[in-house]
Amino acid sequence: MDFGLGERGEALRTEVRAFLKEHLTPELAERCHRTGVAHDAGFVRAMHEAGLLALGWPEEWGGRPCDPFDLCVVEEELSRADAPTYGVSTTHMVARAILKCGDDAQRRQIIPKAVRGEVLIVLGFTEPECGSDLAAARTRAVRDGDHWVINGSKMFTTNAHIGDHVFLLARTDPSAAKHAGLTVFLVPLDQPGIEVQAVRTVSGERTNITYYRDARVHDAWRIGEAGAGWRVLGEALQEEHSTGFGASMLRMLEAAEGWARTAACERGRPRIADPDVRERLARCAAEAEVSLLLQRRAAVMARQGAVPAAEGPMSKLFSSEALTRAAEDLFALLGPDAVRSHLSPGAPEGGRVEHALRFSLGTTIYGGTSEIQRGIIARRGLGLPR
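What you are looking at is a predicted structure, and each value in this text was computed from that prediction instead of being measured.

**Student:** Give me the lowdown on the packing of aromatic side chains, citing residues and values where you can.
**Tutor:** Here the structure, examined in full by the defined rule, presents five aromatic pairs. Plain terms: the ring middles of F19 and F43 are 5.4 Å apart, the flat faces sit at 65° to each other, and that makes the pair edge-to-face. Placement of F19 in helix α1 (residues 6-23) and of F43 in helix α3 (residues 41-49) is noted, with a sequence separation of 24 residues between them. For F43, a relative accessible area of 2% translates into the label buried. On the basis of an interplanar angle of 70° and a centroid distance of 6.2 Å, the ring pair of F245 and F359 is categorised as edge-to-face. Pair noted here: F245 is in the loop between α7 (229-240) and α8 (246-262) and F359 is in helix α11 (residues 352-363), with a separation of 114 residues, a long-range link. Residue classification places F245 among the buried residues on the basis of a relative accessible area of 7%. Aromatic ring contacts, followed pair by pair, group F245, F359 and Y366 into a single cluster. Above the plane of the ring of F318 lies R325, whose end atom (NZ or CZ) is 5.7 Å from the centre.

Encoded structure:
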């Protein structure tokens, strides 16, 4: 496989960098950091106007042609800049699942809005008592005429406090087998019976727990057949399982290298002259390169029409754990100054390494824990029994 960007990829990368230079202002970056909300409506509108939001979507839906590999290049740049695009990611993930599993009316109402950045959809999979076992969902949806009545709770419904809909997994047939009694709905969040409470992660991100007390959704917003929720969920999660954090490692590496070039050791030389410092930086650079290559491999497979069933989880597993290793290593390298956080006076390189360490811990959970990813790789990649 050739993982080189080529002329098209280089041109896209240049285009994205120019966009970020203009629109990802220090004021916006600080606001996102202080609020913990990685979504900004103005930034999303600007992406749409620049032709970057519709990348990879079919032209019939208002999309801009872009194959999966070139799209991977764009996502690398957005991630490296820590752009506020998490809401875009979840919305497009759900829209793609609707494209595959929804009906024509659902596609017509949701996909154009998603491509234009006019709707924000959040994920309602995980539950407080179920952890990574999504199929153990206890949130109930009971049919009531043309509607379903929902009771239960969901954890990690990030952006639910500003979202329009939640893509919610609910148990509709308690008597069916564990994976067979589930159904997915697109539930409007602006209605009585839904309560959103903020939850702060160790990295400062604002996520939410949402409570559903007799909340209602019309059957027209059932995605797929009743009882087929596990298949619909699989379509959505395949994309999330191919997430990579190589670009986040590069961002952290740039900060650590900047510190090493400007900070002086006791003998007055820059710290980057110290062999131990250089070894740590090189180790981080090597693992970042492997992380990027794994993610690009999954993208090349998608370009060729193959499903990266095991290769996507490989990318997510390796890069998240590599980011954690590197963050711990570079945090120790910076010494006592490393504890100074972003926006704190005297924080080395703006506190990026300190924040990267806190952020890295969550990456081993996002999109499925490391244990979940290993299980997928074992079954789909190695053919081992469950």
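Text resumes after the structure shown.
**Student:** Can you lay out the pattern of salt bridges for me, pointing to particular residues and giving the numbers?
**Tutor:** In this structure the tally under the stated criterion is 28 salt bridges. In this structure, the salt-bridge partner of D219 is R222, at a minimum N-O distance of 2.8 Å. Here E354 makes a salt bridge to R358, at a shortest N to O gap of 2.7 Å. Placement of both E354 and R358 in helix α11 is noted, with a separation of four residues, approximately one turn of the helix. You can call E354 buried: its relative accessible area is 10%. Through salt bridges that share partners, D276, E279, R280, R283 and D329 make up one connected network.

**Student:** Quick rundown of the nonpolar core? Include the residues and the values.
**Tutor:** Counting residues in each nonpolar core, the largest one holds 46 residues, and the members touching the most others are F125, I150, F167, L169, L186, V187 and I223. Where this core is concerned, the elements lending two or more residues are α5 (86-101), α6 (104-116), β1 (121-124), β3 (147-155), β4 (165-171), β5 (182-188), β7 (206-218) and α7. In terms of residue count, the dominant contributor to this core is α5 (six residues).

**Student:** So, the UniProt feature "domain: Acyl-CoA oxidase/dehydrogenase middle" (unreviewed entry) in the protein: which residues are in play, and what are the values?
**Tutor:** Here the UniProt feature "domain: Acyl-CoA oxidase/dehydrogenase middle" (unreviewed entry) sits at residues 123-210. Overall, residues 123-210 shows 0% helix and 48% strand. The separation of its end C-alpha atoms is 11 Å.

**Student:** Quick rundown of the pairing of strand β2 (residues 140-144)? Include the residues and the values.
**Tutor:** The pairing of β2 with β3 spans five bridges and is antiparallel. Counterpart to R143 in the pairing with β3 is W148. Hairpin connection from β2 to β3: two residues lie between these consecutive antiparallel strands, with G145 at a positive phi of about 65°.

**Student:** Just give me the short version of unusual backbone geometry, but keep the residues and values in it.
**Tutor:** Notably, D82 is not glycine yet its phi reads approximately 60°, a positive angle. With respect to the secondary-structure elements, D82 resides in the loop between α4 (68-80) and α5. Taking relative accessible area as the criterion, D82 reaches 48% and is therefore assigned partly exposed. In this structure, L343 takes a positive phi of about 75° despite not being glycine. Within the secondary structure, L343 is located in the loop between α10 (311-334) and α11.

**Student:** Please give an account of the environment of C130 that cites residues and values.
**Tutor:** Checked against the element boundaries, C130 lands in the loop between β1 and β2. The buried category is assigned to C130, whose relative accessible area is 14%. In contact with C130, not counting residues within four places along its chain, are A136, A137 and R138.

**Student:** Which residues make up the packing of α4 against helix α9 (residues 275-303), and what values do they have?
**Tutor:** Where α4 contacts α9, the two axes come as close as 7 Å, and the packing angle between them is 145°. Contacts between α4 and α9 involve P68, F69, D70, C72 and E76 from the first element and L292, Q295, R296, A299, V300, A302 and R303 from the second. Looking at the contact of α4 with α9 residue by residue, the class counts come to seven nonpolar, one polar and four charged.

**Student:** Hey, could you go over the pairing of strand β6 (residues 194-200) for me, with residue numbers and the actual values?
**Tutor:** The pairing of β6 with β7 spans seven bridges and is classified as antiparallel. Opposite R200, over in β7, you have R206 as the bridge partner. Between β6 and β7, which pair antiparallel in sequence order, lie five residues; one of them, G204, sits at a positive phi of approximately 95°.

Conventions adopted
- Residues numbered from 1 in each chain as written.
- Predicted model: local features only at pLDDT ≥ 70, side-chain atom pairs only at ≥ 80, totals over all residues.
- Heavy atoms only, no water.
- Phe/Tyr/Trp six-rings, centres within 6.5 Å; stacked < 30°, edge-to-face > 60°.
- Helix = DSSP H or I, 4+ residues; strand = E, 2+ residues; numbered from the N terminus.
- Buried < 20%, exposed > 50% of the residue type's maximum accessible area, 1.4 Å probe, protein only.
- Lys NZ or Arg CZ within 6 Å of the ring centre and 35° of its normal.
- Salt bridge = Lys/Arg side-chain N within 4 Å of Asp/Glu carboxyl O.
- Core = buried A, V, L, I, M, F, W, Y, C linked by side-chain atoms within 4.5 Å.
- UniProt positions renumbered as here; feature names shortened; annotations may be inferred.
- Pairing = 2+ DSSP bridges.
- Contact = heavy atoms within 4.5 Å.
- Axes fitted to C-alpha atoms, helices over the stretch in contact; angles between N-to-C directions.
- Nonpolar A, V, L, I, M, F, W, Y, C, P; charged D, E, K, R; others polar.

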